[in-house]
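This is what each chain is made of:
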Amino acid sequence: MTTTTRLERGKRALEEIDGQAGQHVIDALADIAPDFATYLFEFPFGDIYSRPGLSLRDREIATIAALTAMGTAQPQLKVHLEAGLNVGLSREEITEILMQMAVYAGFPAALNGLFAAKEVFAARQDAAFSAP
């Protein structure tokens with residue numbers, strides 16, 4: 001039986017969920033707060049995302065909804081919109097999640113989420129067209 005550390009589980013989960021986007025966040029912290037990057041690997045991804053009980057897809061639905069409702073985490077919302085696409089959410093499903101937030105978080109939060117999604121979808125489409 002192989003045991004993995006929280007850090008190893010977190011790195012593996014972050015790569016699966018966010019691909020390179022998660023690593024860019026970690027790299028951006030290297031010169032100011034490298035320990036914080038370790039905390040991000042260990043707690044959210046090594047402990048919470050790695051738990052049984054919910055699929056990564058389900059966890060991203062909850063995360064997108066929560067970040068949209070917060071209304072103050074636009075950069076993180078964009079990362080998790082990408083992650084949602086990476087773990088199998090469709091654009092239509094993400095749009096519905098964001099529209100649902102109008103009921104519980106208000107129209108401004110839903111609008112901000114929809115505009116963030118529009119940017120993420122456009123960037124992903126542009127990247128697909130420019131790929132070799």
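Summary of the structure given here. Quantities reported herein were computed from a predicted structural model and do not represent experimental measurements. Within each chain, residues carry numbers counting from 1 in the order of the written sequence. Totals for whole chains, interfaces and linings use every residue, but because this is a predicted model, local features are given only for residues with pLDDT of at least 70 and side-chain atom pairs only at 80 or more, for both listing and counting. Derived side-chain values reflect all non-hydrogen atoms in the structure, with water molecules and hydrogen atoms excluded from consideration.

## A few points about the nonpolar core
Basically, it comes down to this: Take the buried Ala, Val, Leu, Ile, Met, Phe, Trp, Tyr and Cys residues and link them wherever side-chain atoms come within 4.5 Å; each set so joined is a nonpolar core. The buried label goes to any residue with under 20% of its type's maximum accessible area, the exposed label to any with over 50%, and the partly exposed label to all in between, with areas taken from a 1.4 Å probe on protein chains only. Helix numbering and strand numbering both begin at the N terminus, where a helix is a DSSP run of H or I of at least 4 residues and a strand a DSSP run of E of at least 2. Note on contacts: a residue pair qualifies if any of its non-hydrogen atoms lie within 4.5 Å across the two residues.
Counting residues in hydrophobic clusters, the biggest one holds 16 residues, and the most contacted among them are Ile 64, Leu 77, Leu 81, Ile 94, Leu 98, Ala 117 and Phe 121. The set of elements that each furnish at least two residues to this core consists of α4 (56-70), α5 (74-86), α6 (91-105) and α7 (107-130). Setting aside residues up to four positions removed in sequence, Leu 77 forms contacts with Ile 64, Leu 67, Thr 68, Gly 113 and Ala 116. Counting twelve residues, the second-largest nonpolar core is a separate cluster that includes Ala 13, Ile 17, Tyr 49 and Val 87.

## Quick look at the packing of aromatic side chains
Inclusion rule: For Phe, Tyr and Trp, rings pair up if their centres lie within 6.5 Å, where Trp contributes its six-membered ring, and each pair is then called stacked (planes under 30 degrees apart), edge-to-face (over 60) or tilted (otherwise). A ring has a charge above it when a Lys NZ or an Arg CZ is no more than 6 Å from the ring centre and no more than 35 degrees off the ring normal.
Counted according to the given criterion, the structure contains one aromatic pair. When the centroid spacing of 4.8 Å and the interplanar angle of 25° are considered together, the rings of Phe 45 and Tyr 49 count as stacked. In this structure, Phe 45 and Tyr 49 share a single accessibility class: buried. If you follow Lys 11 out to its NZ or CZ, it ends over the ring of Phe 41, 5.5 Å from the centre.

## Some words on helix α3 (residues 34-48)
Under the convention used in this document: Under the convention used throughout, the expected extent of a helix is 1.5 Å for every residue step, that is, one less than its residue count.
In this model α3 runs 20 Å from its N-terminal to its C-terminal C-alpha over 15 residues, within 8% of the 21 Å that 1.5 Å per residue would give. Three or more residues of α3 are buried, namely Ala 37, Phe 41, Glu 42, Phe 45 and Gly 46. Looking at the buried positions of α3, the neighbouring elements they touch are α1 (6-18), α2 (20-29) and α5.

## Re the pattern of salt bridges
Opposite charge on two side chains allows them to pair when their charged atoms are near. Inclusion rule: Whenever a carboxyl oxygen of Asp or Glu lies within 4 Å of a side-chain nitrogen of Lys or Arg, that contact is scored as a salt bridge.
The final tally for this structure, using the stated rule, is six salt bridges. Across the pair Glu 119 and Lys 78 runs a salt bridge whose closest N-O atoms are separated by 2.6 Å. In this pair, Glu 119 is assigned in helix α7 and Lys 78 in helix α5, connecting sequence segments 41 residues apart. The partly exposed category is assigned to Lys 78, whose relative accessible area is 27%. A salt bridge links Arg 124 to Glu 82, with the nearest nitrogen and oxygen atoms 2.9 Å apart. Of the two residues, Arg 124 sits in helix α7 while Glu 82 sits in helix α5, which places them 42 residues apart along the sequence. The class of Arg 124 is partly exposed, set by a relative accessible area of 29%. In the salt-bridge network here, residues are joined through shared partners; they are Arg 6, Arg 9, Glu 42 and Asp 47.

## With respect to the packing of α5 against α6
The line we're drawing: For helices, the axis comes from a line fit to the C-alpha atoms of the stretch in contact; other axes are also lines fit to C-alpha atoms, and the angle between any two N-to-C directions lies between 0 and 180 degrees. Any angle that falls under 35 degrees is termed roughly parallel, while one over 145 is termed roughly antiparallel, one within 65 to 115 roughly perpendicular, and all others oblique. For any helix crossing, the convention is left-handed if the near helix is rotated counterclockwise from the far helix by under a right angle, and right-handed if that rotation is clockwise. Only Asp, Glu, Lys and Arg are considered charged, only Ala, Val, Leu, Ile, Met, Phe, Trp, Tyr, Cys and Pro nonpolar, and every remaining residue, Gly among them, polar.
Interhelical geometry of α5 versus α6 gives an angle of 135° and a closest axis separation of 10 Å. The angle between α5 and α6 places the two elements in the oblique class. Judged by the sense of rotation from one axis to the other, the crossing of α5 with α6 is right-handed. Facing Leu 81, Gly 84 and Leu 85 of α5, the residues of α6 in contact are Arg 91, Ile 94 and Leu 98. Considered class by class, the residues forming the contact of α5 with α6 number four nonpolar, one polar and one charged.

## So, the environment of Thr 63
To keep it simple, the criterion reads: Polar contacts, as used here, are pairs of N or O atoms within 3.5 Å; protein pairs need one atom able to donate a hydrogen and one able to accept it. Residues neighboring in sequence count only if both atoms are side-chain atoms.
You can see Thr 63 is positioned in helix α4. Expressed as a C-alpha distance, the spacing of Thr 63 and Gly 84, which sit 21 residues apart in the sequence, is 9.1 Å. What Thr 63 contacts, discounting residues up to four positions off in sequence, is Tyr 49 and His 80. Looking at Thr 63, its side chain comes within polar contact range of the side chain of Tyr 49, at 2.9 Å.

Function cannot be read off these values alone, since they describe shape.
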